[in-house]
Amino acid sequence: MKAVHFGAGNIGRGFIGKVLHDNGYEITFADVNEEIIDALNRDGKYTVHIAEENGGVYEISGVAGINTAKDAEDLAQAIAEADIITTAVGVNILPIIAKTIAPHLEKRSEGKLLNIIACENAVLATDTLKAAIAAEVGTHAFTNIGFPNSAVDRIVPMQKNENILDVKVEPFYEWVIEADNWMGDDKLDGVNYVPDLMPYIERKLFTVNTGHAAIAYYGKTLGYTSVSEAMQDDEVVVFLRNVLNETTLYLTENYDFTQAEQSQYIDKIIGRFKNPYLSDDLDRVGRGVLRKLGPNDRIIKPLVYLHENGHDHDALSELVVHALKFDNEDDPEQVEMNQIISGKGMTHFLSEHSDLEKELLEEIEAKI
Ligand SMILES: NC(=O)c1ccc[n+]([C@@H]2O[C@H](COP(=O)([O-])OP(=O)(O)OC[C@H]3O[C@@H](n4cnc5c(N)ncnc54)[C@H](O)[C@@H]3O)[C@@H](O)[C@H]2O)c1
Ligand SMILES: O=P(O)(O)OC[C@@H](O)[C@@H](O)[C@H](O)[C@H](O)CO
């Protein structure tokens, strides 16, 4: 069985690659990073290290790489032969990946089943990819293709290993896939197939990722550089819990999770954030600030819901203020946001970019 995975980065190699390998797939990683692609083709393998006491080390073999900027013919062949195509590139890159995949789908032999799955931190990211592919070539090649949405959860920080392919990951992992949109009977082991993905993806995004954003944006204002360092400060943990108490209300009101279930989920996640064997930079966790302040993302969506329904949303409003002040000049989105804010002001930015209305804007403005 063959897989093509777009994005040979942290989660691609550290999580998706491992699951596919454990399921017996030969994996071709498709990426624009020449160094990584050359290393994959040179070594044909890499190792995944589990960040815990006496953590396991797993060899991921049978891997190769394709440089999507250069090797169009190799990519065409890999896509023609693939049983599964996955992505972990960042949700904003999906339109580019759609352009890369689309022309090759028509060349697949009729009757060969394929699943295409976007593994990004965004609600219904596979739908986004599917729509972008359809915009390129129409839907006539879709007959034997499943496009299930998915939620992926495993903290994989930036890597600082001797071998650039090796990757250190936290022990916890969860990959949830929409069962009904899966094509064929060959399901993946180690994956949870569910009839309705929305509760899972929103619970993950509005707990793990909102929580992470709270640590990154508040932790940075207090002068910390890593998650584990920030989590040693009670002030950060109190703020984190306040934020997650607010998103809990969004989740328990919109889905069947009970307060007790959500509390357990939060405690587990706080334990994950405190993992002393993992070093995760606040800059990585907070990067992509424009995306993170988008109307459907981890901060604004629950904030607007709580405001509209008359619920407490003080901590999320404060989180917006910390995000606006996030100091990471290496994040192009931060630079762009700062330019907009210095030209037109924060209120204009939040109104235009985050789609916030007057009352909420005034509340946030009062906290700046
Ligand atoms: N790291 C995590 O903890 C984690 C966990 C769950 C989900 N995610 C999500 O997974 C996605 C990837 O995150 P990551 O941490 O692995 O990032 P990363 O930066 O480590 O990896 C992204 C990879 O995509 C490649 N890429 C960029 N543009 C490309 C293009 N046009 N064609 C092919 N490849 C391209 C990059 O070169 C890079 O290797 C994001 O959506 C992220 O939100 C990350
Ligand atoms: O990848 P982002 O930028 O959407 O969010 C940063 C982190 O919160 C994220 O990568 C987490 O580590 C991951 O989602 C854990 O499953």
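In the nomenclature of an unreviewed UniProt entry, the chain corresponds to Mannitol-1-phosphate 5-dehydrogenase from the organism Salinicoccus roseus. According to UniProt, the comment filed for the chain under the heading Sequence similarities (unreviewed entry) is "Belongs to the mannitol dehydrogenase family."

**Side note on the environment of Thr68**
Structurally, Thr68 is set in the loop between β5 (63–67) and α3 (72–81). The spatial distance from the C-alpha of Thr68 to the C-alpha of Glu34 is 9.5 Å, given a sequence separation of 34 residues. The contacts of Thr68, once residues within four sequence positions are left out, are Ala30, Asp31, Val32, Leu75 and Thr100.

**A word on the pairing of strand β7 (residues 114–118)**
Among the 5 residues of β7, 5 are classified as buried, and the element is accordingly described as predominantly covered. Of the two faces of β7, the one holding Leu114, Ile116 and Ala118 and the one holding Asn115 and Ile117 are both buried throughout. Alignment of strand β6 (residues 84–87) against β7, held across 4 bridges, turns out to be parallel. From the neighbouring strand, Ile85 faces β7, where its bridge partner is Ile116. Following the chain from β6 across helix α4 (residues 94–105) to the adjacent parallel β7, one finds a crossover that is right-handed.

**Description of the nonpolar core**
If you look at the biggest cluster of nonpolar residues, it comprises 102 residues, and the most contacted ones within it are Ala214, Ile215, Ile299, Leu319 and Ala323. Ranked by residue count, the leading element in this core is helix α6 (residues 198–221), at 11 residues. If you count residues domain by domain, this core takes at least three from each of domain 1 (2–194) and domain 2 (199–367). Setting aside its immediate chain neighbours within four residues, Ile299 contacts Thr210, Ala213, Lys292, Leu293, Leu316, Leu319, Val320 and Ala323.

**Side note on the site of ligand 2**
As a matter of local geometry, ligand 2 sits amid Asn121, Asp153, Arg154, Ile155, Val208, Asn209, His212, Val285, Arg287 and Gly288. The dominant element in the shell around ligand 2, judged by the number of residues it contributes, is α6, at 3 residues. When its residues are assigned to classes, the shell around ligand 2 shows 3 nonpolar, 4 polar and 3 charged. Two domains each donate at least three residues to the shell around ligand 2, and these are domain 1 (2–194) and domain 2 (199–367).

**Things to note about the sheet that holds strand β4 (residues 57–61)**
What the 3 strands build is an open sheet, ordered β4-β3-β10; its pairing is mixed. At either margin of the open sheet sits one strand with a lone partner, and together these are β4 and β10 (167–169). Put simply, the sheet's adjacent strands are angled 25 degrees from each other on average, direction ignored. Pairing of strand β3 (residues 45–50) with β10, which is carried by 3 bridges, proceeds in the parallel orientation. Bridging across to β10, Val48 finds its partner in Val167. Sitting on the sheet, helix α1 (residues 10–22) is in contact with β3, β4 and β10, with an inclination near 80 degrees to β10.

**Details of the site of ligand 1**
Neighbouring ligand 1 are 25 residues, the closest being Gly7, Gly9, Asn10, Glu120 and Asn121. At the level of elements, α1, β2 (26–31) and α4 are the ones that each hand at least two residues to the shell around ligand 1. The biggest single contributor to the shell around ligand 1 is α1, with 3 residues. Of the residues that constitute the shell around ligand 1, the class distribution is 14 nonpolar, 8 polar and 3 charged.

**Quick look at the UniProt feature "domain: Mannitol dehydrogenase C-terminal" (unreviewed entry) in the chain**
As annotated by UniProt and renumbered to match this structure, "domain: Mannitol dehydrogenase C-terminal" (unreviewed entry) occupies residues 196–359. The span residues 196–359 is 70% helical and 0% strand by assignment, and the distance between its end C-alpha atoms comes to 34 Å.

The rules behind the values
Residues numbered from 1 in each chain as written. Chains lettered and ligands numbered in written order. Predicted model: local features only at pLDDT ≥ 70, side-chain atom pairs only at ≥ 80, totals over all residues. UniProt positions renumbered as here; feature names shortened; annotations may be inferred. Helix = DSSP H or I, 4+ residues; strand = E, 2+ residues; numbered from the N terminus. Contact = placed C-beta atoms within 7 Å. Buried ≥ 20, exposed ≤ 12 C-beta atoms within 10 Å, placed from the backbone. Pairing = 2+ DSSP bridges. Right-handed = clockwise from strand over helix to strand, strands pointing away. Core = buried A, V, L, I, M, F, W, Y, C linked by C-beta atoms within 7 Å. Domains from an automatic or database assignment. Near = placed C-beta within 6 Å. Nonpolar A, V, L, I, M, F, W, Y, C, P; charged D, E, K, R; others polar. Axes fitted to C-alpha atoms, helices over the stretch in contact; angles between N-to-C directions.

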